[in-house]
Amino acid sequence: MSSSSQASSVVVQRYAKALIELADESKKLDKVEKDLQDLNAMIQGSDDFSSMIRSPLYADEALMNAVGAIAAKAKLQDITANFLGVLVQNRRLDTLPRVIEAFNAALAKRRGAVTVDVQVAQDLSAKQKKELQDALSKAMGKDVAINA
């Protein structure tokens, strides 16, 4: 791993940890987790949104306006919306997908769950993901978090 990717990984871990701590202090951890699942689905489902968060060409003000509009439309928690604003201000919005991954992994570890990476040929529906998660949990005798 190169030193820049190590530094980037450390940054991602710190953002994820900070978000978990803020959400936990506010007693909104489950709601923030749901927000991040929704954001991840938006990233996966929209090439425009995915391009916007990865592109260095957008001005901070334009990104802040876009992120604010998305947060309002998706009815994200204040913590989540503010967190997105911090990412924009720090020019780290491009790390959002990795922060979501790190958040999910840290939260699963905190809850005593095992994270399982699953590669699939097609996206799983929520029902299929839940069924797979239940089957793996039963087989392993532990809570399982799926990263599909």
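Residues numbered from 1 in each chain as written. Predicted model: local features only at pLDDT ≥ 70, side-chain atom pairs only at ≥ 80, totals over all residues. Heavy atoms only, no water.

1. Focus: the overall build of the protein chain
Consideration 1: Per the secondary structure count, the protein chain includes seven helices and two strands.
Consideration 2: Counted from the first residue to the last, the protein chain has its helices and strands arranged as α-α-α-α-α-α-β-α-β.
Consideration 3: Its C-alpha atoms give the protein chain a radius of gyration of 16 Å, within 12% of the compact-globule value 15 Å for 148 residues.
Consideration 4: The principal-axis extent of the C-alpha atoms belonging to the protein chain is close to 50 × 35 × 30 Å. (Helix = DSSP H or I, 4+ residues; strand = E, 2+ residues; numbered from the N terminus. Rg over C-alpha atoms; globule rule 2.2 N^0.38 Å.)

2. Comments concerning the confidence of the model for the protein chain
When pLDDT is low, close inspection of the predicted coordinates is not appropriate.
Consideration 1: For the protein chain, the average pLDDT comes to 87, and 95% of its residues sit at 70 or higher.
Consideration 2: Ranking the elements of the protein chain by mean pLDDT puts strand 2 (residues 144–147) last with 75 and helix 5 (residues 78–89) first with 95. (pLDDT = per-residue confidence, 0-100.)

3. Considering the packing of aromatic side chains
Consideration 1: Here the structure, examined in full by the defined rule, presents one aromatic pair.
Consideration 2: With a centroid separation of 6.0 Å and 80° between ring planes, the pair formed by Tyr15 and Phe83 is classed as edge-to-face. Within this pair, whereas Tyr15 is found in helix 1 (residues 3–25), its partner Phe83 is found in helix 5, the two being separated by 68 residues in sequence. Here Tyr15 matches Phe83 in class, with each residue buried. (Phe/Tyr/Trp six-rings, centres within 6.5 Å; stacked < 30°, edge-to-face > 60°. Buried < 20%, exposed > 50% of the residue type's maximum accessible area, 1.4 Å probe, protein only.)

4. Points about the nonpolar core
Within soluble globular proteins, side chains that are nonpolar tend to cluster in buried spots.
Consideration 1: Ranked by size, the top nonpolar core spans 31 residues in total, and within it Leu93, Leu96 and Phe103 carry the most contacts.
Consideration 2: Put simply, the parts of the chain that give this core at least two residues each are helix 1, helix 2 (29–45), helix 3 (47–54), helix 4 (60–73), helix 5 and helix 6 (96–110).
Consideration 3: The element contributing the most residues to this core is helix 1, with seven residues.
Consideration 4: If we skip the residues at most four places from it in the chain, Phe103 touches Ala16, Leu19, Ile20, Leu29, Val32, Glu33 and Leu36. (Core = buried A, V, L, I, M, F, W, Y, C linked by side-chain atoms within 4.5 Å. Contact = heavy atoms within 4.5 Å.)

5. Concerning helix 5
Consideration 1: Here helix 5 spans 16 Å end to end across twelve residues, near enough to the 16 Å set by a 1.5 Å rise per residue.
Consideration 2: Here helix 5 has its buried residues at Ile79, Thr80, Phe83, Leu84, Gly85, Leu87 and Val88.
Consideration 3: Following helix 5 by one or two positions, Arg91 has its phi on the positive side, about 55°. (Expected span 1.5 Å × (residues − 1).)

6. Here we look at the pattern of salt bridges
Consideration 1: Under the criterion given, the structure shown has seven salt bridges.
Consideration 2: As a salt-bridge pair, Asp24 and Arg110 come within 2.5 Å of each other at their nearest N and O atoms. Highlighted residues: Asp24 in helix 1 and Arg110 in helix 6, separated in sequence by 86 residues.
Consideration 3: Accessibility expressed as a relative area gives 34% for Asp24, which makes it partly exposed. (Salt bridge = Lys/Arg side-chain N within 4 Å of Asp/Glu carboxyl O.)

7. A few points about the environment of Ala106
Consideration 1: Relative to the elements of secondary structure, Ala106 occurs in helix 6.
Consideration 2: When the C-alpha atoms of Ala106 and Ile20 are compared, they prove to be 8.3 Å apart, with 86 residues separating the residues in sequence.

8. What about the side chain of Glu33?
Consideration 1: Position of Glu33 among the secondary structure elements: in helix 2.
Consideration 2: At 3.1 Å, the side chain of Glu33 and the side chain of Arg111 are in polar contact.
Consideration 3: Contact partners of Glu33, with chain neighbours within four places excluded, come to Phe103, Leu107 and Arg111. (Polar contact = N/O pair within 3.5 Å; in protein donor to acceptor, adjacent residues only side chain to side chain.)

9. Notes on the packing of helix 2 against helix 3
Consideration 1: Remark: helix 2 packs on helix 3, axes separated minimally by 5 Å, with the N-to-C direction vectors making an angle of 105°. Between helix 2 and helix 3, the crossing angle belongs to the class labelled roughly perpendicular. Contacts from Leu39, Met42, Ile43 and Gly45 in helix 2 reach Asp47, Phe49, Ser50, Ile53 and Arg54 in helix 3.
Consideration 2: A breakdown of the residues in the contact of helix 2 with helix 3 according to their chemical character gives five nonpolar, two polar and two charged. (Axes fitted to C-alpha atoms, helices over the stretch in contact; angles between N-to-C directions. Parallel < 35°, antiparallel > 145°, perpendicular 65-115°, else oblique. Nonpolar A, V, L, I, M, F, W, Y, C, P; charged D, E, K, R; others polar.)

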